[in-house]
Amino acid sequence: MKKKVGLYFGTFNPIHIGHLVIANYMAEFSDLDEVWMVVTPHNPFKNKRTLLEDHHRFELVYRATEHYPHLKPSDVEFGLPQPNYTVNTLAVLEEKYPDLNFALIMGEDNLDHFHKWKNHELILQRHDIYVYPRISGDRQKTPAMTHERIHKVDAPVMELSSTFIRKAIAQGKDVRPMLPEPVWAYIDEMNFYR
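As a starting point, this report considers the structure included with it. Not measured: the values here are computed from a predicted model.

Considerations on the packing of aromatic side chains
Applying the stated criterion across every chain, the model contains ten aromatic pairs. With 5.2 Å between their ring centres and 75 degrees between their planes, Trp36 and Tyr97 make a pair best called edge-to-face. Of the two residues, Trp36 is situated in strand E2 (residues 34-39) and Tyr97 in the loop between helix H3 (86-96) and strand E4 (100-107); the sequence distance between them amounts to 61 residues. Residue Tyr97 is classed as partly exposed on the basis of its relative accessible area of 27%. You can call Trp36 buried: its relative accessible area is 10%. Grouped by ring-pair contacts, the aromatic residues Tyr8, Phe12 and Tyr132 constitute a single cluster.

Here it is, written out as structure tokens:
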């Protein structure tokens, strides 16, 4: 039986305790063996100007996951043409790690837009999707929610956002409880988001 790896994509700008809670929950309480936190260089739906440099965000994810044996940072997308699409990343990973079975992890809010993803049908044919709950916004049940490859996971609802943290840091607020300690130490040392 192939080891099952959940891919949790994000800009992680910065990674915060909400990301860690979800990733660790998936690794400990689903049938996933590991969760890889895939640092996205440029999400086609996000403005690149607000991102820390890729290597800094990877360092933050590395520091956040260092002491969690089932969580791993991944920079697989750093060498791919930008903007990159998930279907391309999956193809690269499948070729590089033929002995692993890859699944996607996403919030309910992302599932609402999944039908707009490049080659979303192919992704669903080949990969399971683990969906964690979100409460923000009015959500209609999408047809994709009933697909046999989509698994709703009763993970804790985490409504903390990186955007909120960046703004709070810029305003001089104390956000230390919202970040893993090594992540806060690096942000503080590098004077990020101020």
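Having seen the model, we can carry on.
What about the side chain of Thr89?
Considering the arrangement of structural elements, one finds Thr89 in helix H3. On the basis of relative accessible area, Thr89 is assigned to the buried category, the value being 0%. Side chain to side chain, Thr89 and Asn84 meet in a polar contact 2.5 Å long. Ignoring any residue separated from it by four or fewer positions in sequence, one finds Thr89 in contact with Phe9, Val76, Glu77, Leu80 and Asn84.

Some thoughts on the pairing of E4
Here E4 lies mainly inside the structure; seven of its eight residues are buried. Across four bridges, E4 lies against strand E5 (residues 129-132) in parallel orientation. From the neighbouring strand, Met106 faces E5, where its bridge partner is Val131.

Points about the nonpolar core
By size, the foremost hydrophobic cluster in this structure holds 35 residues, and its most contacted members are Tyr8, Met26, Val35 and Ile187. Elements with a minimum of two residues in this core: helix H1 (17-29), E2, helix H2 (54-65), E4, E5, helix H6 (162-170) and helix H7 (181-190). Take this core: its biggest share by element is five residues, from H1. Counting residues in hydrophobic clusters, the runner-up holds 19 residues, among them Phe114, Leu124, Val131 and Ile150.

Concerning the packing of H2 against H7
H7 packs onto H2 with a crossing angle of 150 degrees between their chain directions and a minimal axis gap of 8 Å. Of the residues in H7, those in contact with His56, Glu59, Leu60, Arg63 and Ala64 of H2 are Pro182, Val183, Tyr186, Ile187 and Met190. When its residues are assigned to classes, the contact of H2 with H7 shows seven nonpolar, one polar and two charged.

Reading the values: rules and limits
- Residues numbered from 1 in each chain as written.
- Predicted model: local features only at pLDDT ≥ 70, side-chain atom pairs only at ≥ 80, totals over all residues.
- Heavy atoms only, no water.
- Phe/Tyr/Trp six-rings, centres within 6.5 Å; stacked < 30°, edge-to-face > 60°.
- Helix = DSSP H or I, 4+ residues; strand = E, 2+ residues; numbered from the N terminus.
- Buried < 20%, exposed > 50% of the residue type's maximum accessible area, 1.4 Å probe, protein only.
- Polar contact = N/O pair within 3.5 Å; in protein donor to acceptor, adjacent residues only side chain to side chain.
- Contact = heavy atoms within 4.5 Å.
- Pairing = 2+ DSSP bridges.
- Core = buried A, V, L, I, M, F, W, Y, C linked by side-chain atoms within 4.5 Å.
- Axes fitted to C-alpha atoms, helices over the stretch in contact; angles between N-to-C directions.
- Nonpolar A, V, L, I, M, F, W, Y, C, P; charged D, E, K, R; others polar.

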